[in-house]
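Residue-level structural notes
Here's the letter readout for the chains.
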Amino acid sequence: MKKWLLILGMITCMIGLTACGQQKEDDLNLMTTEEAEYLAQSCVELINQVVNQQGEKDYVAMVEQSGMDGTVFENAFASWKSASEDMGSYVEIIEVTSNTMVIDVYQGVTYPSEGVITVKIKGEERDATVEIVFEDEMPSSITTNVEYTFGEKMEKAGLNTLLGMGTVFVVLILISAIISCFNLIPKIEAKFTKKPAQETRKAAVVSAPAQEAEEELSDDLELVAVISAAIAASEGAASADGYVVRSIKRAGNKWQRA
């Protein structure tokens, strides 16, 4: 960054106010309109030049080396760049709209002490206002605000309202969709629990015939033993060891031996 950028800095702007040579308002010790316009023009042209040359970081570093607060200029550059998107390129200062800057005079040199200067500037597309605030003889804030027409303000307000309401409705629809999905949870759970239940029933059906066969076989053996004992008794035999029952058939109310 060239050295003349530092010369064009805020310190030089404050010292250069003596070149105006205008009569001050002694009663209030306020800066004259001409001095306020000169100071504002120096600040605006400095900020515009540094931003156009993309030398913000270098200038902030030099300001901090001189003992001033670099954050003030970082914010000033950011505000100017944001406003330039709608304002367009800077053309000139139109007028001083507000001036409450109190000055100090030391050895014939005028210094801004504290107060606010607001100037209206002309851009290629829109006008804007620059507010310069001093505290303790140092700049504390430099802000650029674009001036919009009533129609543009209403359009922005409408878009913001539409965006806000749209966001609310989208969130409500999303919540409603999530709540409606709760009805699917029991169905999904039933679907996953259905398979194990079916497999259990199948296993029970398969094991049932085997149990019935075992029960039938147990019943047949008891029946065979009873019938064998009855036949042995009717024949007058001491035991049923010599008898072999091959089959049992039911015939009416009587049992037939084969």
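Our subject is the structure that appears above.
Everything in this summary refers to the structure shown in the same document. (Residues numbered from 1 in each chain as written. Predicted model: local features only at pLDDT ≥ 70, side-chain atom pairs only at ≥ 80, totals over all residues. Heavy atoms only, no water.)

Interhelical geometry of helix H3 (residues 33–52) versus helix H5 (residues 70–87) gives an angle of 80° and a closest axis separation of 10 Å. Considering the angle they form, H3 stands roughly perpendicular to H5. Across from Val44, Ile47, Asn48, Val50 and Val51 in H3, the residues of H5 making contact are Ala76, Phe77, Trp80 and Lys81. For the contact of H3 with H5, a count of residues per class yields seven nonpolar, one polar and one charged. (Axes fitted to C-alpha atoms, helices over the stretch in contact; angles between N-to-C directions. Helix = DSSP H or I, 4+ residues; strand = E, 2+ residues; numbered from the N terminus. Parallel < 35°, antiparallel > 145°, perpendicular 65-115°, else oblique. Contact = heavy atoms within 4.5 Å. Nonpolar A, V, L, I, M, F, W, Y, C, P; charged D, E, K, R; others polar.)

Of all hydrophobic cores here, the largest spans 36 residues; its most connected members are Trp80, Ile117 and Ile121. Elements represented by at least two residues in this core include exactly H3, helix H4 (56–65), H5, strand S1 (90–99), strand S3 (109–123), strand S4 (128–135) and strand S5 (138–146). Looking at which element gives the most residues to this core, the answer is H3, with nine residues. Those residues in contact with Ile121, other than ones at most four positions away along the chain, are Trp80, Met87, Tyr90, Glu92, Ile93, Ile94, Asp127, Ala128 and Val130. (Core = buried A, V, L, I, M, F, W, Y, C linked by side-chain atoms within 4.5 Å. Buried < 20%, exposed > 50% of the residue type's maximum accessible area, 1.4 Å probe, protein only.)

Along an α-helix, a turn takes 3.6 residues, which lines up residues three or four apart on a common side. Here H5 spans 25 Å end to end across 18 residues, near enough to the 26 Å set by a 1.5 Å rise per residue. Buried within H5 are the following residues: Gly70, Val72, Phe73, Ala76, Phe77, Ser79, Trp80, Ala83 and Met87. For H5, the N-terminal cap is Asp69; the gap from its side-chain oxygen to the backbone nitrogen of Thr71 is 3.1 Å. Phi turns positive one or two residues past the end of H5, at Gly88, with a value near 85°. (Expected span 1.5 Å × (residues − 1). Polar contact = N/O pair within 3.5 Å; in protein donor to acceptor, adjacent residues only side chain to side chain.)

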